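# Structural overview for review
So you can see what is in the structure, the chains are spelled out below.
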Amino acid sequence: MEILEKINDPKDLKGLDTKELDELCAQLREYMVECCSKNPGHLGASLGAVELSVALHYVYDTPHDKLVWDVGHQAYAHKIITGRREAFVNNRKSGGLSGFPKVSESEYDAFGAGHTSVSISAALGIAEAARIKGEKRHVVAVIGDGAMTGGLAFEGLNNAGALKSDILVILNDNQI
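The following refers to the structure shown. Owing to the predicted nature of the structure, the values given are computational and were not obtained by experimental measurement.

On to the packing of aromatic side chains, then. Per the stated rule, a full pass over the model turns up two aromatic pairs. Aromatic pair Y31 and F88: ring centres 6.2 Å apart, planes at 40°, arrangement tilted. Here Y31, found in helix α1 (residues 18–38), pairs with F88, found in the loop between α4 (76–84) and α5 (119–133); they are 57 residues apart in sequence, far enough to count as distant. What makes Y31 buried here is its relative accessible area of 15%.

Dropping the structure here:
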C-alpha cells in the first residue's frame, strides 16, 4: 500500500522515517499532478512546497499549533495530508475544495487567504491572542516572495518585532 493512502491526518506522519517521508513527498507530487491534469489549479507553487508542508505537519502539533499560508495555492500538500486527499480531486470546482485554505473547510486551516500579504499579520494576531489567553501554541506564517511586496507584510514584520512575538515566519523564496 502506498504511504500516501495511509495519511489521513498529520498525526499519521509522526511514525514515518526519513526515507518514508521522502517517498511520501514523491507520492504527494504525483497525486497533485494527476489531480491537476484533470482539474487545473495553481500547481507550480504547491509542487515547490511539498517538503515544507510535510515538515511543518511533522514537527508541529497541528491543528493546535497554527499554520497560516499566505500563498494559498502553496497549500495543496497541506490540504491532502489534513484529511482532504479524496476530496482533492474536486479542488477548485463548484461545490469542491477551495483552492486556498478555508477555515470552514478544515480545523487545519487557521486563516483563510489567497495571496494578499496577510499571513504575518494574521499569525501575529493568532499568537498574541494565544499569549493573552495563556495558551501554549506555536504559530507559523508561510509567505511567498511575491507576497512580500505588499505593505501589510512589512507592517506585520514590524509589529511582530516590536511586540517580540513568538512566531516563525517562513519566506518561501522562489526568486521572483
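Attention now goes to the state of the cysteines. One pass over the full model with this rule turns up zero disulfides. Here C35 is not cross-linked by a disulfide; its sulfur's nearest cysteine counterpart is in C36, at 6.7 Å. For C35, a relative accessible area of 6% gives the class buried.

For the rest of this paragraph, the subject is helix α3 (residues 50–59). Structurally, the α-helix is built with 3.6 residues per turn, so residues lying three or four positions apart point the same way. Taken together, the buried positions of α3 are V50, L52, S53, V54, L56 and H57. Lining the buried residues of α3 we find α1, α2 (43–47), β1 (66–69), α4, β2 (139–144) and β3 (168–172).

Another aspect to go through is the pairing of β1. What you see with β1 is no split at all: K66 and V68 on one side and L67 and W69 on the other are buried throughout. Here four bridges tie β1 to β2, and the two strands are oriented parallel to one another. Residue pairing for β2: K66 is matched across the bridge by V139.

Another aspect to go through is a negative patch on the surface. A surface patch of negative charge is lined by E2, E5, D22, E23 and E30. Considering the arrangement of structural elements, one finds D22 in helix α1.

Ranked by size, the top nonpolar core spans 22 residues in total, and within it L24, L28 and F88 carry the most contacts. The set of elements that each furnish at least two residues to this core consists of α1, α3 and α4. For this core, the element with the highest residue contribution is α1, accounting for eight residues. Each residue touching L28, except ones within four places of it in the same chain, is listed here: L4, V50, V54, A77, I80 and I81.

Reading the values: the criteria
Residues numbered from 1 in each chain as written. Predicted model: local features only at pLDDT ≥ 70, side-chain atom pairs only at ≥ 80, totals over all residues. Heavy atoms only, no water. Phe/Tyr/Trp six-rings, centres within 6.5 Å; stacked < 30°, edge-to-face > 60°. Helix = DSSP H or I, 4+ residues; strand = E, 2+ residues; numbered from the N terminus. Buried < 20%, exposed > 50% of the residue type's maximum accessible area, 1.4 Å probe, protein only. Disulfide = S-S within 2.5 Å. Contact = heavy atoms within 4.5 Å. Pairing = 2+ DSSP bridges. Patch = residues over 30% accessible without salt bridge, like charges linked within 9 Å, V, L, I, M, F, W, Y side chains within 5 Å. Areas by Shrake-Rupley, 256 points an atom, 1.4 Å probe, with all protein chains shown as cover. Salt bridge = Lys/Arg side-chain N within 4 Å of Asp/Glu carboxyl O. Lys, Arg positive; Asp, Glu negative; His and termini not counted. Charge placed at Lys NZ, Arg CZ, Asp CG, Glu CD. Core = buried A, V, L, I, M, F, W, Y, C linked by side-chain atoms within 4.5 Å.

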